[in-house]
Amino acid sequence: MENELYNRIAVLRAERNLSRQDLADAVGINVQTVGFLERGDYSPSLTLALDLSEHFGLPVEAIFSRKPLRPLSEALYGDHKANDHKARRSNR
Amino acid sequence: MTATGYKVFGIAMQRRGARRKLVVVTYGALVAFCTTTFVLHVAYGLGALLPYSWSIYASMAVSMFVFGGNGRWGLVKSFANKPPQPDAPMVEIVKLNLAPRTLVSQNTSMWKNDERELSRRDQAHYHAYQAVAVAVLVILLLAFWSIKPPLWVSAEILREAVFIVALLTSVLALTLPAAIILWTEPDIDTPEEQT
């Protein structure tokens, strides 16, 4: 089994207008480590993953995944489109 | 990785390529230095301890001021994961040889290794340990042979070989963990890339 871990840290950080240094200070890691996490070069410990989840106010599975993550916009609105399509088909 | 900026002799070391060049050049210089002292020892009979101690001092200087890992200088953050002892303030009691310790606590954040750095440190020590363990076994084998030399080599050559391998093992033991970190750590983001 591959040891790949995908994450949305870069997107979440950009959404919240945080610099890498801000995020690093908030969770108590080195600024370089934020870069390694964002590029997927480093898989965090459970403690750090939980710290990040707490900092962003999101469940861990919304930030990290063993499978490639869908873009947030698609995750939010993609299902709506599919559901609308299904609803229209059932109405016919 | 680094505690004191990313520069050695004014040359930026953010890129892994630059760090690898530094490691190669430094080890080249150390080997040249050890060879010179050894040749002096053989040619002029300076005594075995002299080249050995010079080489150890050179390795300690490299470890302390270039590679790092052992205090406030060098590229790699202190392996001890705590800030070095701050300088004592120059006050009157210093003159009385009372050796005061500073009461001002230091900012530990820049000296603290986070979990990724600690894992890199431990990995580097593990790999360095394997290399040093092999070298120690080679020393043992050579020492054993020097007691009962095989037909194809003299006891004198084996004794010198024990000395040379012991010298190189000491150099590696002092410098290898930090060198492995410098060699393997990927490129470091510049401040512009960090936003």
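Conventions used here
Residues numbered from 1 in each chain as written. Chains lettered and ligands numbered in written order. Predicted model: local features only at pLDDT ≥ 70, side-chain atom pairs only at ≥ 80, totals over all residues. Heavy atoms only, no water. Helix = DSSP H or I, 4+ residues; strand = E, 2+ residues; numbered from the N terminus. Contact = heavy atoms within 4.5 Å. Areas by Shrake-Rupley, 256 points an atom, 1.4 Å probe, with all protein chains shown as cover. Buried < 20%, exposed > 50% of the residue type's maximum accessible area, 1.4 Å probe, protein only. Salt bridge = Lys/Arg side-chain N within 4 Å of Asp/Glu carboxyl O. Axes fitted to C-alpha atoms, helices over the stretch in contact; angles between N-to-C directions. Parallel < 35°, antiparallel > 145°, perpendicular 65-115°, else oblique. Nonpolar A, V, L, I, M, F, W, Y, C, P; charged D, E, K, R; others polar. Buried area = accessible area lost by both parts, 1.4 Å probe. Polar contact = N/O pair within 3.5 Å; in protein donor to acceptor, adjacent residues only side chain to side chain. Core = buried A, V, L, I, M, F, W, Y, C linked by side-chain atoms within 4.5 Å.

A. Just the overall build of chain B, in detail. On a plain count of helices and strands, chain B comes out with 5 helices and 2 strands. Overall, chain B shows an N-to-C arrangement of helices and strands of β-β-α-α-α-α-α. Pairs at least 24 residues apart make up 68% of the contacts formed inside chain B by residues separated by at least 6 positions. When the accessible surface of chain B is split by element, carbon and sulfur atoms take 69% of a total near 11,600 Å².

B. Fine view of the environment of Leu37 of chain A. Residues and elements named next belong to chain A. Inspection of the secondary structure puts Leu37 in helix H3 (residues 31–39). Taking relative accessible area as the criterion, Leu37 reaches 2% and is therefore assigned buried. Taking C-alpha positions, Leu37 is 7.6 Å from Ile9, a pair spaced 28 residues apart along the chain. Among all residues touching Leu37, those that are not within four sequence positions of it are Asn7, Ile9, Ile29, Tyr42, Pro44, Leu48 and Leu52.

C. Representation of the pattern of salt bridges in the model. Tallied over the full model, the rule gives 10 salt bridges over all chains. Of the charged contacts, one joins Lys77 of chain B and Glu117 of chain B as a salt bridge, the two residues approaching to 3.3 Å between their closest N and O atoms. A residue pair is termed long-range when its members are at least 10 positions apart, and Lys77 of chain B in the loop between helix H2 (49–67) and helix H3 (92–95) and Glu117 of chain B in helix H4 (residues 115–147) qualify at 40 residues. For the residue pair Lys77 of chain B and Glu117 of chain B, the accessibility class agrees, reading buried in each case. Shared partners join several salt bridges into a network, and the residues in it are Arg13, Arg20 and Glu38 of chain A.

D. Looking closely at unusual backbone geometry. Although it is not a glycine, Asn17 of chain A adopts a positive phi angle of roughly 60 degrees. Classification of Asn17 of chain A as exposed rests on a relative accessible area of 71%.

E. A look at the packing of H2 of chain B against helix H5 (residues 155–184) of chain B. Residue and element names in this part refer to chain B. In contact at an axis separation of 10 Å, H2 and H5 are set at 0 degrees when each is read in the N-to-C sense. Our classification of the angle between H2 and H5 gives roughly parallel. Judged by residue contacts, Pro51, Tyr52, Ser55, Ile56, Ser59, Met60, Val62, Ser63 and Phe67 of H2 engage Phe163, Ala166, Leu167, Ser170, Val171, Leu174, Thr175, Ala178, Ala179 and Leu182 from H5. When the residues that make up the contact of H2 with H5 are grouped by side-chain class, the tally is 14 nonpolar, 5 polar and no charged.

F. Local environment of the environment of Ser78 of chain B. All names here are of chain B. By the element assignment, Ser78 lies in the loop between H2 and H3. Given the relative accessible area of 5%, Ser78 is considered buried. For Ser78 and Ala133, which are 55 residues apart along the polypeptide, the C-alpha to C-alpha distance reads 23 Å.

G. Examining the interface of chain A and chain B more closely. In this complex, chain A contributes 15 residues to the contact, which on the side of chain B involves 15 residues. Taking both sides of the interface into account, the surface hidden between chain A and chain B amounts to around 1,200 Å²; carbon and sulfur atoms contribute 42%. There are 0 salt bridges connecting chain A and chain B. Across the chain A-chain B interface, the total number found is 6 residue pairs in polar contact (both at pLDDT 80 or more). No other element matches the 6 residues that H3 of chain A contributes to the side of chain A that touches chain B. In terms of residue class, the side of chain A that touches chain B is built from 6 nonpolar, 6 polar and 3 charged.

H. Fine view of the nonpolar core. Core analysis: the largest hydrophobic core is formed by 24 residues, its most contacted members being Tyr27 and Phe67 of chain B. Secondary-structure elements contributing two or more residues to this core are helix H1 (16–44), H2, H4 and H5 of chain B. Here the element with the most residues in this core is H5 of chain B; it accounts for 8 residues. In this view, Phe67 of chain B contacts Val23, Thr26, Tyr27, Val62, Gly74, Leu75, Val76, Thr175, Ala178, Ala179 and Leu182 of chain B; residues no more than four positions away in its chain are not counted. Within the second largest apolar cluster, 17 residues are counted, among which are Ile9, Ile29, Val31 and Ala49 of chain A.

Shape descriptors only; they carry no functional weight alone.
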